[in-house]
Amino acid sequence: MTNVAIIGCGKIANSHVQALAQMEDVRIAAVCDLNEVKCRQLAKKVGAEAYTSYEEMLESERLQLAIICLPPAFHGECARYCAGKGVNIFLEKPMGVDAADCRSIIDACKANGVMLWVGHMQRYSMENRIARELVESGEYGRLLAINEVRTCGYPGPNSPEWLMKREISGGGIMYNFGAHTLDMIKYISGSRVVLAESSVNFSSGDSENVAIGFLKLENGVSATFNLVGSCSVNRYEIVLYLTEGEIRIKPRRSIVACGRDGVFQKIADAEDAEASRDKNWQYLQLRDVIDSLKTGEAKVTGEYGLEIIENIESLYASAGRK
Ligand SMILES: NC(=O)c1ccc[n+]([C@@H]2O[C@H](COP(=O)([O-])OP(=O)(O)OC[C@H]3O[C@@H](n4cnc5c(N)ncnc54)[C@H](O)[C@@H]3O)[C@@H](O)[C@H]2O)c1
């Protein structure tokens, strides 16, 4: 049995709890949140001990894994503390508030010999896994370019208060959603970013809610993204342009593709994902994390989380943000 603790009992913690509940070899031993009400509610739901201090929790519990679901500004302090206590860490994205913060987490984990995972989850979504397989198969020719368009209200009505406070979140839409965009582009293309440029608008405080970006990848693929957070219309689409066709993804909804004839065919949709349990990317991600505690091999490492933050810092630098 693997003893796990959840630190931070907010929105994402609840979806991790649902995933862990499907695993017979995992026990949620403890949960922690500064907010005692939220903490006790979650503890009662999962039958765990409740703590309002993770320091106290780590003194009292014998844990193999801490799942850190705090706002980004508190990731570093908490991860370093867990590492110091010899507890393996799954850390939500974005990894920290800047690259220096991320490096100090990696160093603490190395110094204490604990495993570190970062919650970049794009490789667990059904559409992205199929897209990567199609690209690798060459069925639609060679991948030339990727474009992501995500329009929404940012912050949304249910967003946490800290989302637009840069000292807590690390940045605006390009930091929070952009971390997913970069992960998706790297995963589907199987490549790394060598050039990153962007233009951002600060229409709300010091956190941008519009970001238009251009990326050049090591394998020659070009990628662009439009993250527009002051829209009344919600849209989330990824298009892959290939020499022999096109693949279109609507995350968590569908993936379609066409060849030279331009006629799009369904590859898979949300019903297929539901039928194959694939909809639950949280399950697949945490299953890999739990299994890796035995193998010692993390699929999404601290170094990967750092690389994404470095890419975002390059994007900010090109846009003139200090
Ligand atoms: N992978 C994804 O798709 C995804 C989705 C949502 C959020 N996230 C990430 O998960 C993290 C948490 O986001 P959220 O939306 O769940 O936030 P949230 O605000 O809903 O929850 C954070 C919780 O942490 C608690 N907290 C803050 N400081 C604390 C401390 N020192 N000790 C104990 N508890 C403390 C707060 O009381 C709150 O309940 C962020 O890094 C966010 O970017 C990832």
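Before reading on, note that the structure itself is shown above.
Quick summary incoming for the structure in this document.

Rules of the game
Residues numbered from 1 in each chain as written. Predicted model: local features only at pLDDT ≥ 70, side-chain atom pairs only at ≥ 80, totals over all residues. Heavy atoms only, no water. Near = heavy atom within 4 Å. Polar contact = N/O pair within 3.5 Å; in protein donor to acceptor, adjacent residues only side chain to side chain. Areas by Shrake-Rupley, 256 points an atom, 1.4 Å probe, with all protein chains shown as cover. Helix = DSSP H or I, 4+ residues; strand = E, 2+ residues; numbered from the N terminus. Nonpolar A, V, L, I, M, F, W, Y, C, P; charged D, E, K, R; others polar. Expected span 1.5 Å × (residues − 1). Bend = angle between axes of the 7 residues up to and from the residue. Buried < 20%, exposed > 50% of the residue type's maximum accessible area, 1.4 Å probe, protein only. Salt bridge = Lys/Arg side-chain N within 4 Å of Asp/Glu carboxyl O.

1. Quick notes on the site of the ligand
Neighbouring the ligand are 22 residues; I12, D33, K38, K93 and W162 lie closest to it. L70 has a polar backbone atom sitting 3.3 Å from an oxygen atom of the ligand. Within the backbone of K93, an N or O atom sits 2.9 Å from an oxygen atom of the ligand. Protein chains bury 85% of the 850 Å² of accessible surface belonging to the ligand in isolation. Only α1 (11–20) and α8 (173–189) provide two or more residues apiece to the shell around the ligand. In terms of residue class, the shell around the ligand is built from twelve nonpolar, five polar and five charged.

2. Examining α8
A rise of 1.5 Å per residue sets the reference length of α8, with its 17 residues, at 24 Å; its end C-alpha atoms lie 22 Å apart and thus fit the reference within 8%. In α8, a bend of some 35 degrees at A179 exceeds every other bend along the element. In terms of residue burial, α8 counts as a mostly covered element, since 17 of its 17 residues are buried.

3. Brief notes about the pattern of salt bridges
If you walk through the whole model with that rule in mind, you get 18 salt bridges. Taking the shortest distance from any N to any O, the salt bridge between E237 and K250 comes out at 3.7 Å. Remark: K250 occurs in strand β12 (residues 245–250) and E237 occurs in strand β11 (residues 230–242); sequence separation between them is 13 residues. Judged by its relative accessible area of 31%, K250 is partly exposed. A salt bridge links R260 to E244; the nearest nitrogen and oxygen atoms lie 2.6 Å apart. Note that R260 is positioned in the loop between β13 (254–258) and β14 (265–269) and E244 in the loop between β11 and β12, a separation of 16 residues in sequence. You can call E244 partly exposed: its relative accessible area is 30%. Connected through shared salt-bridge partners, D25, R287 and D291 make up one network.

4. So, helix α6 (residues 126–137)
Here α6 is twelve residues long and its end C-alpha atoms lie 17 Å apart, about the 16 Å a rise of 1.5 Å per residue gives. Within the sequence span of α6, burial applies to M126, E127, N128, I130, A131, L134 and V135.

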